[in-house]
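Listed below are the residues making up each chain.
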Protein chains: 2
Amino acid sequence: MLHLIGLGLADETDITVRGLEIVKRAERVYLEAYTSILLVDKSKLEAFYGRPVIEADRELVETGSDDILAGADKADIVFLVVGDPFGYDPTPTISKSQTNPTSATTHTDLVLRARELGIETNNVPNASIMSGIGCTGLQLYNFGQTVSMVFFLDNWKPSSYYDRVRENVQIGLHTLVLLDIKVKEQSIENMARGRRIYEPPRYMTVAQCASQMLETEEERKEGVYGPDSLAVGAARVGAANQKLVSGTLQELSTVEMGAPLHSLVLLGRRTHDLERDYIREYAVNKETFDASYAKGYGASL
Amino acid sequence: MLHLIGLGLADETDITVRGLEIVKRAERVYLEAYTSILLVDKSKLEAFYGRPVIEADRELVETGSDDILAGADKADIVFLVVGDPFGYDPTPTISKSQTNPTSATTHTDLVLRARELGIETNNVPNASIMSGIGCTGLQLYNFGQTVSMVFFLDNWKPSSYYDRVRENVQIGLHTLVLLDIKVKEQSIENMARGRRIYEPPRYMTVAQCASQMLETEEERKEGVYGPDSLAVGAARVGAANQKLVSGTLQELSTVEMGAPLHSLVLLGRRTHDLERDYIREYAVNKETFDASYAKGYGASL
């Protein structure tokens, strides 16, 4: 059987008891290590599980799925995924021709391949940022579709996310923005020379995301949001040092929230009073928060 | 410290290792037992934890929060919540004057009260149906806002959910519909006589939800969806006997999916080919599925 087991959001102790039992008795355990990261590294997982863990990079999962599935008709094979096995992939590989992230489908691909081979699958859910973001005090039923923000390059600043944000804004809903991470990226030179040398991992911060959002607005000028629009920055959701900050996009564009992973929520117009009270507590500046709030938010609007 | 600990979706082994450690050493452990249910009962949790668990009914949480928080400035007090502590509450108490469910805010209320008292809080996330629904193969970034369906009465058939579904449908997004549960409800007679006798719990099924959705459409006649609209029924997400079925709302209105809890997803127009392939595998009838799909779905529409 192929077991897809969620690891949750923070460290090695976020696995469920059910998941841990399966990991301990499984024949092989793979760790999906390119669409997201846990806040601890593989060696810590291995020490906690008392067994080796095989790192599964993008290449292995996308082209070597039959290696992963070998023997899974008879033995238990585990595929560990940070967050929930079917959760949103925060690091989509958006090519210039795509409007939708595609690597989010990698895990469903693996299940489809298992089905073709007649291998049973078992899903062990866990916390995902998609629900974990509720810790901000914003109600999950007030969220519209989730979008991703990739690192802008000088000559490539994809803004398809902006159209989706507009759809949410028009209805008055919050938008969860998931931030790019770059793990095991090669420089163009190393890639050209076929050298398996990887750049240090990079994680987008709340400040970078807010800046890029404002950059897109300046470019598109369609007024979907602006420097005074309110948002919530969340860092290390689910960890002991979780940090939440609310403020205008302008304020958040310079906020310092520490180590990864970060996420951002653009506040929707339909905000409930209780949501406002909750997020106001951790505002960068309660005065500017109140001023911006009064201009455009509240469930009655 | 007040610890809000998510229990996940299915049974006692779905708690995280981190959560279990806190439960074992805490001074008091409360189980929030009215907005959702685990598929196992309290005695099973107590046996698994090796300690007593106090059931917290609606009255205790809404009016006795200071009892729950007593001593939490010095000792560890645990508040267990099925799913994620800040997840969506699948059993809103929607009164006739409200358009938004309010009991979803109960847990944030408790945190706000703790803050007032200067008590620190700690959040231990877990799987929620809001992300767990990804096991259907539908991509979470293709979901719009989540809605709730309550049991219709002869003289009360709230259809505010229909307006929200329309907002999602217009954009082409999937809609997760969370289904009513009735736990510890009193009959009008027992309530009038002040007798604490409770009706057996009731859980809405996928078939009841699909029927009610069609009833609303017949009433409102705004063409948001119809008998041929495609949907996915999910039962016992995250449990070993999890069951998924796809089909038209007409087909789902008679489907038998077994024990609770059930959820339904109304398919959005923007469905990706990979999503279609995945959910077609568990269609009630692949022919009617293909016929309905051809009429109105696909990412290119």
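1. Quick look at the overall build of chain A
Turning to step 1, where the next piece is worked out: Looking only at helices and strands, one finds 12 helices and 12 strands in chain A.
Turning to step 2, where the next piece is worked out: What you see for chain A is a C-alpha radius of gyration of 20 Å, in line with the 19 Å of a compact globule of 301 residues.
Turning to step 3, where the next piece is worked out: Along the longest, intermediate and shortest principal axes, the C-alpha atoms of chain A span 60 × 45 × 35 Å.
Turning to step 4, where the next piece is worked out: Sorting the 301 residues of chain A into buried and exposed places 60% on the buried side.
Turning to step 5, where the next piece is worked out: In chain A, the proportion of contacts linking residues at least 24 apart, taken out of those at least 6 apart, comes to 74%.
Turning to step 6, where the next piece is worked out: In the form shown here, chain A has an accessible surface area of approximately 12,000 Å², with 48% of it arising from carbon and sulfur atoms.
Turning to step 7, where the next piece is worked out: Between the centroid of the 31 positive side chains of chain A and the centroid of its 42 negative side chains there is a distance of 1 Å.

2. Examining the interface of chain B and chain A
Turning to step 1, where the next piece is worked out: Each partner contributes residues to the interface: chain B has 53 residues there, and chain A has 53 residues.
Turning to step 2, where the next piece is worked out: Buried area between chain B and chain A, both sides added, is near 4,800 Å², and the carbon and sulfur share of it is 57%.
Turning to step 3, where the next piece is worked out: Three residues stand out in chain B for area buried against chain A, namely Arg18, Tyr141 and Tyr278 of chain B, and they jointly supply 16% of the buried area on that side.
Turning to step 4, where the next piece is worked out: If you look at where chain B meets chain A, you find 6 salt bridges.

3. A closer look at the packing of aromatic side chains
Residues and elements named next belong to chain A.
Turning to step 1, where the next piece is worked out: A full pass over the atoms with the stated rule returns 8 aromatic pairs over all chains.
Turning to step 2, where the next piece is worked out: Taking 5.6 Å as the distance between ring centres and 70° as the angle between the ring planes, the aromatic pair formed by tyrosine 162 and tyrosine 225 counts as edge-to-face. With a gap of 63 residues between them, tyrosine 162 in helix 7 (residues 160-171) and tyrosine 225 in the loop between helix 9 (206-220) and strand 10 (230-235) connect regions that are remote in the sequence.
Turning to step 3, where the next piece is worked out: Owing to a relative accessible area of 0%, tyrosine 162 belongs among the buried residues under this scheme.
Turning to step 4, where the next piece is worked out: Taken together, the ring pairs connect Phe289, Tyr293 and Tyr297 into an aromatic cluster.
Turning to step 5, where the next piece is worked out: Directly above the ring of phenylalanine 151 sits arginine 202, whose terminal nitrogen or CZ lies 4.3 Å from the centroid.

4. Focus: the pairing of strand 11 (residues 243-248) of chain A
Residues and elements named next belong to chain A.
Turning to step 1, where the next piece is worked out: In terms of burial, strand 11 is largely enclosed, as 5 of its 6 residues are buried.
Turning to step 2, where the next piece is worked out: Sheet analysis places strand 10 next to strand 11, joined by 6 bridges and oriented antiparallel. Bridge assignment links glycine 233 to a residue of strand 11, and that residue is valine 245.

5. Topic: the sheet that holds strand 3 (residues 54-56) of chain A
Residues and elements named next belong to chain A.
Turning to step 1, where the next piece is worked out: Pairing within the open sheet is parallel, and its 5 strands lie in the order 3-2-4-1-5. The open sheet is flanked by strand 3 and strand 5 (121-124), the only strands paired with a single partner. Neighbour-to-neighbour, the strand axes of this sheet turn through a mean angle of 25°, independent of strand direction.
Turning to step 2, where the next piece is worked out: Pairing of strand 2 (residues 28-32) with strand 4 (residues 77-81) involves 4 bridges; the strand directions are parallel. Its bridge partner being in strand 4, leucine 31 is matched across the sheet by leucine 80.
Turning to step 3, where the next piece is worked out: The sheet strands contacting helix 1 (residues 17-25) are strand 1 (2-6), strand 2, strand 4 and strand 5, and the helix crosses strand 1 at an angle near 135°.

6. Quick look at the side chain of asparagine 168 of chain A
Residues and elements named next belong to chain A.
Turning to step 1, where the next piece is worked out: Relative to the helices and strands, asparagine 168 is located in helix 7.
Turning to step 2, where the next piece is worked out: Owing to a relative accessible area of 1%, asparagine 168 belongs among the buried residues under this scheme.
Turning to step 3, where the next piece is worked out: Side-chain polar atoms of asparagine 168 contact the side chain of threonine 175, separated by 3.0 Å.

7. Considerations on the nonpolar core
Turning to step 1, where the next piece is worked out: Core analysis: the largest hydrophobic core is formed by 84 residues, its most contacted members being Leu2, Phe79 and Ile133 of chain A together with Leu2, Phe79 and Ile133 of chain B.
Turning to step 2, where the next piece is worked out: Residues in contact with isoleucine 133 of chain A, not counting those within four places in the same chain, are Leu140, Phe143, Leu176, Ala234, Ser263 and Val265 of chain A.

8. Structural notes on helix 7 (residues 160-171) of chain B
Turning to step 1, where the next piece is worked out: When we look at burial in helix 7 of chain B, the residues that qualify are Tyr161, Tyr162, Arg164, Val165, Glu167, Asn168 and Ile171 of chain B.
Turning to step 2, where the next piece is worked out: After helix 7 of chain B finishes, the residue glycine 172 of chain B shows a positive phi value of roughly 100°.

9. What to know about the packing of helix 7 of chain A against helix 9 of chain A
Residues and elements named next belong to chain A.
Turning to step 1, where the next piece is worked out: Viewed as axis vectors pointing N to C, helix 7 and helix 9 meet at an angle of 90°, and their least axial separation amounts to 10 Å. Put simply, helix 7 runs roughly perpendicular to helix 9. Here helix 7 contributes Tyr161, Tyr162, Asp163 and Arg166 to the contact with helix 9, which in turn contributes Gln212, Met213, Thr216, Glu217 and Arg220.
Turning to step 2, where the next piece is worked out: Residues of the contact of helix 7 with helix 9, tallied by class, amount to 3 nonpolar, 2 polar and 4 charged.

10. As for the relation of the copies chain B and chain A
Turning to step 1, where the next piece is worked out: Expressed as a screw transformation, the operator carrying chain B onto chain A has a rotation angle of 180° and an axial translation of 0.0 Å, and the superposed copies differ by an RMSD of 0.0 Å. Here the transformation between the copies is reduced to the relation of a two-fold axis.
Turning to step 2, where the next piece is worked out: Comparing interface residues between copies, 100% of those in chain B also sit at the interface in chain A, which points to an isologous, same-surface contact.

11. Here we look at unusual backbone geometry
All names here are of chain A.
Turning to step 1, where the next piece is worked out: At the junction of proline 260 and leucine 261, the peptide bond is cis and its omega measures out at -5° in the coordinates.
Turning to step 2, where the next piece is worked out: Looking at where leucine 261 falls in the secondary structure, it is placed in the loop between helix 10 (249-252) and strand 12 (262-266).
Turning to step 3, where the next piece is worked out: The phi dihedral of arginine 236 falls on the positive side, at around 55°, and the residue is not glycine.
Turning to step 4, where the next piece is worked out: Structurally, arginine 236 is set in the loop between strand 10 and strand 11.
Turning to step 5, where the next piece is worked out: Accessibility expressed as a relative area gives 9% for arginine 236, which makes it buried.

12. Regarding the pattern of salt bridges
Turning to step 1, where the next piece is worked out: Taken as a whole and assessed by the stated rule, the structure comprises 40 salt bridges over all chains.
Turning to step 2, where the next piece is worked out: Residue glutamate 189 of chain A pairs with arginine 193 of chain A through a salt bridge whose shortest N-O separation is 3.7 Å.
Turning to step 3, where the next piece is worked out: As a salt-bridge pair, aspartate 73 of chain B and lysine 74 of chain B come within 3.8 Å of each other at their nearest N and O atoms.
Turning to step 4, where the next piece is worked out: By relative accessible area, which is 53% here, aspartate 73 of chain B ends up exposed.
Turning to step 5, where the next piece is worked out: Through salt bridges with shared partners, a single ionic network connects Asp163, Arg166, Arg220 and Glu222 of chain A.

13. Looking at the sheet that holds strand 7 (residues 175-179) of chain A
All names here are of chain A.
Turning to step 1, where the next piece is worked out: Sheet architecture is open: 5 strands sit in the order 6-7-12-10-11, paired in mixed fashion. The sheet is open, and its two borders are formed by strand 6 (147-149) and strand 11, each paired with just one other strand. Strand-to-strand twist across the sheet, computed as the mean angle between neighbouring axes with direction ignored, equals 25°.
Turning to step 2, where the next piece is worked out: Looking at chain direction, strand 6 and strand 7 are connected through 3 bridges and run parallel. Bridging across to strand 7, serine 148 finds its partner in leucine 178.

14. A few points about the pairing of strand 4 (residues 77-81) of chain B
When a strand is regular, its side chains alternate between the sheet's two faces.
Turning to step 1, where the next piece is worked out: Counting buried positions over the 5 residues of strand 4 of chain B gives 5, a clear majority of the element.
Turning to step 2, where the next piece is worked out: Burial along strand 4 of chain B is two-sided: Ile77, Phe79 and Val81 of chain B and Val78 and Leu80 of chain B, pointing in opposite directions, are all buried.

15. Comments concerning the confidence of the model for chain A
Turning to step 1, where the next piece is worked out: Looking at chain A as a whole, the pLDDT averages 89, with 92% of positions reaching at least 70.
Turning to step 2, where the next piece is worked out: For this predicted complex, the interface confidence comes out at an ipTM of 0.90, alongside a pTM of 0.91.

The rules behind the values
- Residues numbered from 1 in each chain as written.
- Chains lettered and ligands numbered in written order.
- Predicted model: local features only at pLDDT ≥ 70, side-chain atom pairs only at ≥ 80, totals over all residues.
- Heavy atoms only, no water.
- Helix = DSSP H or I, 4+ residues; strand = E, 2+ residues; numbered from the N terminus.
- Rg over C-alpha atoms; globule rule 2.2 N^0.38 Å.
- Buried < 20%, exposed > 50% of the residue type's maximum accessible area, 1.4 Å probe, protein only.
- Contact = heavy atoms within 4.5 Å.
- Areas by Shrake-Rupley, 256 points an atom, 1.4 Å probe, with all protein chains shown as cover.
- Lys, Arg positive; Asp, Glu negative; His and termini not counted.
- Charge placed at Lys NZ, Arg CZ, Asp CG, Glu CD.
- Buried area = accessible area lost by both parts, 1.4 Å probe.
- Salt bridge = Lys/Arg side-chain N within 4 Å of Asp/Glu carboxyl O.
- Phe/Tyr/Trp six-rings, centres within 6.5 Å; stacked < 30°, edge-to-face > 60°.
- Lys NZ or Arg CZ within 6 Å of the ring centre and 35° of its normal.
- Pairing = 2+ DSSP bridges.
- Axes fitted to C-alpha atoms, helices over the stretch in contact; angles between N-to-C directions.
- Polar contact = N/O pair within 3.5 Å; in protein donor to acceptor, adjacent residues only side chain to side chain.
- Core = buried A, V, L, I, M, F, W, Y, C linked by side-chain atoms within 4.5 Å.
- Parallel < 35°, antiparallel > 145°, perpendicular 65-115°, else oblique.
- Nonpolar A, V, L, I, M, F, W, Y, C, P; charged D, E, K, R; others polar.
- Least-squares fit on C-alpha atoms with pLDDT ≥ 70 in both.
- pLDDT = per-residue confidence, 0-100.

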